[in-house]
Amino acid sequence: MTQPPRFPGYDVLAKWDSPSFDDVTRDVLAHRLDAVPPRRWLTPDEWDLLDAINARLLPQPERDRPVPITPWIDAMLHDDRGEGYRHPDMPPLRDAWRQGLAAVDDEARRLHDRPFAGLDADAQDAVLQAIAEGRTASPRWQGLDARRFFIHHLLKTAAGLYYAHPLAWNEIGFGGPANPRGYVRLGFDGRDPWEAKEAP
Amino acid sequence: MSAAAPADARPLARGLGAATLGLALGALLLARRPATRGPAPVPPSLPLPHRPARAETNANANANANANADADDGMAAPRTAPSEPADAALPARRLYQAAALLAASVLSDSALEHYRGDFENPGMFAPLASAAVVLACALRGAWTPARRGRAPTHRPAPRTSAGILSGVPYATACAVGVAGLGFHAYNVLRRPGGLSWANLFYAAPLGAPAALALAGVIGLAARPVAAGAPTLAGLPSGRALCGLAAFGLAGTSAEAALLHFRGAFQHPAMWVPVSVPPVTAVMLAGAALPGAPGRRRLTNALLRACTWLGVLGMGFHARGIARQMGGWRNWSQNVLAGPPLPAPPSFSALALAGRAALALRAAQEGWPREAT
């Protein structure tokens with residue numbers, strides 16, 4: 001499961017004092033790293049359920065301290081700060097999450113007679129797979145497209161938050177914002193000295 | 001430790017960049033130095049079988065050795081006598097300075113741009129090496145006669161092995177420049193779209209290797225000029241060099257036009273290098289034609305303006321770098337992606353060559369001297 005790092009030794013935070021970062025970048029990153037928000041909007045059960053779902057969507061077995069995803073979704077729901085639009089067949093942001101989480105849990109109970117968070121990893125994957133493919137049985141999906149909830153809410157939100165974290169940047173060799181310092185070797189396979197170096 | 005540390009640019013490249021910029025500035029200062037005209041102790045020598053104009057110069061050179069003691073040398077035209085020895089030595093020195101400055105510009109520019117290209121092709125080191133050698137040789141050529149206080153005018157055209165060898169660095173520069181032109185053309189053509197404006201803007205620049213070849217040609221010409229050869233490539237040397245400098249100025253201006261157009265002429269000063277040098281080039285081209293001298297004062301003034309254009313241009317380019325995102329603190333990106341700092345001095349170099357050519361032509365035609 002754990003593969004050798006693709007960009008060995010790369011630490012994007014080493015750019016902290018270099019021309020690649022400016023005060024805005026530093027402030028945003030410091031907030032992202034140090035100010036992980038507490039639970040405010042989700043119920044404890046919903047929080048545990050969402051945490052269990054995120055652990056299957058983006059497993060991080062190699063990390064002692066996983067990249068936090070659930071706290072930032074809670075913060076988003078607490079602020080009711082969505083993307084500025086919603087699909088016409090989907091409820092508003094908060095309603096969609098509350099209903100969707102409840103439906104996922106109900107789906108787990110129907111398939112395995114236990115709450116989602118209490119299932120083992122394979123059973124959890126089976127539940128999520130069924131939802132992703134639209135093979136749902138729970139009446140709680142009424143007015144909420146299960147596949148769209150999985151792709152558009154669960155998966156995209158989790159991936160967006162995961163890859164906003166510097167640890168994930170190290171994983172994929174991302175250099176952070178190209179501001180103030182951008183790139184000068186713009187051709188294919190061009191690598192600037194301040195860019196991550198991929199393992200051969 | 002990581003590739004992202006502040007000292008991220010490779011030390012070699014950084015050193016190279018600093019050294020070449022220093023050399024470019026040094027050469028520039030050198031070029032601005034008034035030519036030393038110390039008393040020229042001319043070793044006794046036989047008059048050489050040159051054209052009459054040349055023989056007269058030599059006679060005057062000999063005369064000048066005694067000029068201080070013996071002021072009324074009836075043979076020398078009064079208006080030209082006192083500074084005749086400089087008539088060949090000064091243009092030769094100017095030509096060496098021009099070659100040195102052009103080589104410094106090519107060296108620093110190709111160092112930066114080929115570093116940006118990550119020396120993808122080992123051949124990309126060639127212009128660095130060649131320009132560095134030309135720079136060193138031309139600086140030596142520019143300094144040696146002055147320091148020894150002796151113009152190397154009393155040797156026949158270089159036919160000795162040493163004479164031929166001394167041309168090797170310049171000939172190599174010509175060859176490297178022409179080869180580079182081929183490589184750069186290939187770089188343009190192999191890109192999607194082939195010969196298109198976008199590729200001329202963003203692919204390898206065609207003018208850069210041409211500048212190296214030009215530095216080589218100027219260096220090659222300096223030696224026979226210093227030796228007093230009346231012709232170059234079958235033309236009177238003054239006229240030939242006027243044509244060469246005019247061609248170089250026009251080409252450099254075309255390069256500036258291309259890149260300043262790419263830069264949308266977003267600063268009014270960007271029009272200067274596409275307006276003044278072409279006019280100068282036309283005037284110089286006129287001076288390359290046989291016949292009337294034309295408006296030499298104007299040509300000379302324009303050439304002086306072009307000389308300063310290089311310095312001024314570097315200033316504007318430095319300001320352009322400062323205006324890029326992150327300014328000079330972000331030099332590791334902006335020196336490469338911003339306006340090229342080493343490019344403008346090529347105007348100074350070619351203007352120096354032009355002034356040398358004009359002075360040479362004046363001397364050869366026996367025109368009245370003017371301050372050059």
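The structure presented is a predicted model; accordingly, all values stated were derived computationally and were not measured.

Draft legend 1. Spotlight on the overall build of chain B. Of regular secondary structure, chain B possesses 13 helices and 2 strands. Residue burial in chain B is summarised as follows: out of 372 residues, 44% are buried. For chain B, the share of sequence-separated contacts (at least 6 apart) that also reach a separation of at least 24 residues comes to 77%.

Draft legend 2. Structural detail: the environment of Ala356 of chain B. Residue and element names in this part refer to chain B. Mapped onto the elements, Ala356 comes out in helix H13 (residues 345-365). For Ala356 and Pro169, which are 187 residues apart along the polypeptide, the C-alpha to C-alpha distance reads 21 Å. Apart from residues no more than four positions distant in its own chain, Ala356 is found in contact with Pro91, Arg94, Leu95, Ala98 and Leu241.

Draft legend 3. The interface of chain B and chain A, seen in detail. Taken together, the 18 residues of chain B in the interface contact 22 residues of chain A. Ranked by the residues each element gives to the side of chain B that touches chain A, the list is headed by helix H12 (residues 331-337) of chain B, at 4 residues. Counted by class, the side of chain B that touches chain A contains 8 nonpolar, 5 polar and 5 charged residues.

Draft legend 4. Spatial organisation of helix H3 (residues 70-79) of chain A. Residues and elements named next belong to chain A. Along H3, the residues that are buried comprise Thr70, Trp72, Ile73, Asp74 and Leu77. Contacts from the buried residues of H3 go to helix H2 (44-57), helix H4 (93-112) and helix H6 (146-162). After H3 finishes, the residue Asp80 shows a positive phi value of roughly 50 degrees.

Draft legend 5. Focus on the nonpolar core. With 81 residues, the main nonpolar core has Ala99, Ala103 and Ala215 of chain B as its most contacted residues. Mapped onto this core, the elements with two or more residues apiece are helix H3 (86-116), helix H4 (126-148), helix H6 (168-190), helix H8 (207-226), helix H9 (237-262), helix H10 (276-288), helix H11 (296-323) and H13 of chain B. The dominant element in this core, judged by the number of residues it contributes, is H3 of chain B, at 18 residues. Contacts of Ala103 of chain B, omitting those with residues within four sequence positions, involve Ala131, Val134, Leu135, Ala138 and Ala215 of chain B. By size, the runner-up hydrophobic cluster in this structure holds 29 residues, among which are Leu49, Leu154, Leu161 and Tyr162 of chain A.

Conventions and cut-offs
Residues numbered from 1 in each chain as written. Chains lettered and ligands numbered in written order. Predicted model: local features only at pLDDT ≥ 70, side-chain atom pairs only at ≥ 80, totals over all residues. Helix = DSSP H or I, 4+ residues; strand = E, 2+ residues; numbered from the N terminus. Buried ≥ 20, exposed ≤ 12 C-beta atoms within 10 Å, placed from the backbone. Contact = placed C-beta atoms within 7 Å. Nonpolar A, V, L, I, M, F, W, Y, C, P; charged D, E, K, R; others polar. Core = buried A, V, L, I, M, F, W, Y, C linked by C-beta atoms within 7 Å.

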